[in-house]
Amino acid sequence: MSTAMNFGSKSFKPRPPDKGAFPLDHFGECSAFKEQFLECLRQSGSESSACRPRAMAYLQCRMERRVPGGRPGRGESFLRKVQLMANEPLEKLGFKDLIDEKSEAKPEK
């Protein structure tokens, strides 16, 4: 005899990630930035805070690059270009302190 212990259990409703999904970098548009970040992690003993400037550069690359996209059969062409990542202010991605350091380091004209 099998009995289910589902007394009033709610069904699971998956939800998308907070920042959404972005396409994989199939064409290697930002692979150099990714490799620099991974090399930094190796050299720093996986200390990610030491590699934040490289992480920021990688995300900037993803926001600047456009790659072929679209889904055939849904009225879209492969010729349409999509971003590797939606534009997002770097401050919202946790890099406000790095941006402030850059602006302080620039001499005023």
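Predicted model only: the values in this text are computed from it and were never measured.

## Focus on the nonpolar core
- If you look at the biggest cluster of nonpolar residues, it comprises eight residues: Ala55, Met56, Leu59, Met63, Met85, Leu90, Phe95 and Leu98.
- Per element, the largest residue contribution to this core is four residues, and it comes from helix α2 (residues 52–64).
- Those residues in contact with leucine 59 that lie beyond four places of it in its chain are Met85, Leu93 and Phe95.
- Counting residues in each nonpolar core, the second largest holds five residues, with Cys30, Cys61, Val82 and Leu84 among its members.

## Observations concerning the pattern of salt bridges
- This structure, assessed with the given rule, holds seven salt bridges.
- As a salt-bridge pair, arginine 65 and glutamate 29 come within 4.0 Å of each other at their nearest N and O atoms. Of this pair, arginine 65 sits in the loop between α2 and β1 (66–68) while glutamate 29 sits in the segment before α1 (31–43), and the two are 36 residues apart along the sequence.
- Among the ionic pairs, arginine 65 bridges to glutamate 64, the shortest N-O distance being 3.4 Å.
- On the accessibility criterion, arginine 65 (25% relative accessible area) is partly exposed.
- Salt bridges linked by common partners bring Glu29, Glu64 and Arg65 together as one network.

Reading the values: the criteria
Residues numbered from 1 in each chain as written. Predicted model: local features only at pLDDT ≥ 70, side-chain atom pairs only at ≥ 80, totals over all residues. Heavy atoms only, no water. Core = buried A, V, L, I, M, F, W, Y, C linked by side-chain atoms within 4.5 Å. Buried < 20%, exposed > 50% of the residue type's maximum accessible area, 1.4 Å probe, protein only. Helix = DSSP H or I, 4+ residues; strand = E, 2+ residues; numbered from the N terminus. Contact = heavy atoms within 4.5 Å. Salt bridge = Lys/Arg side-chain N within 4 Å of Asp/Glu carboxyl O.

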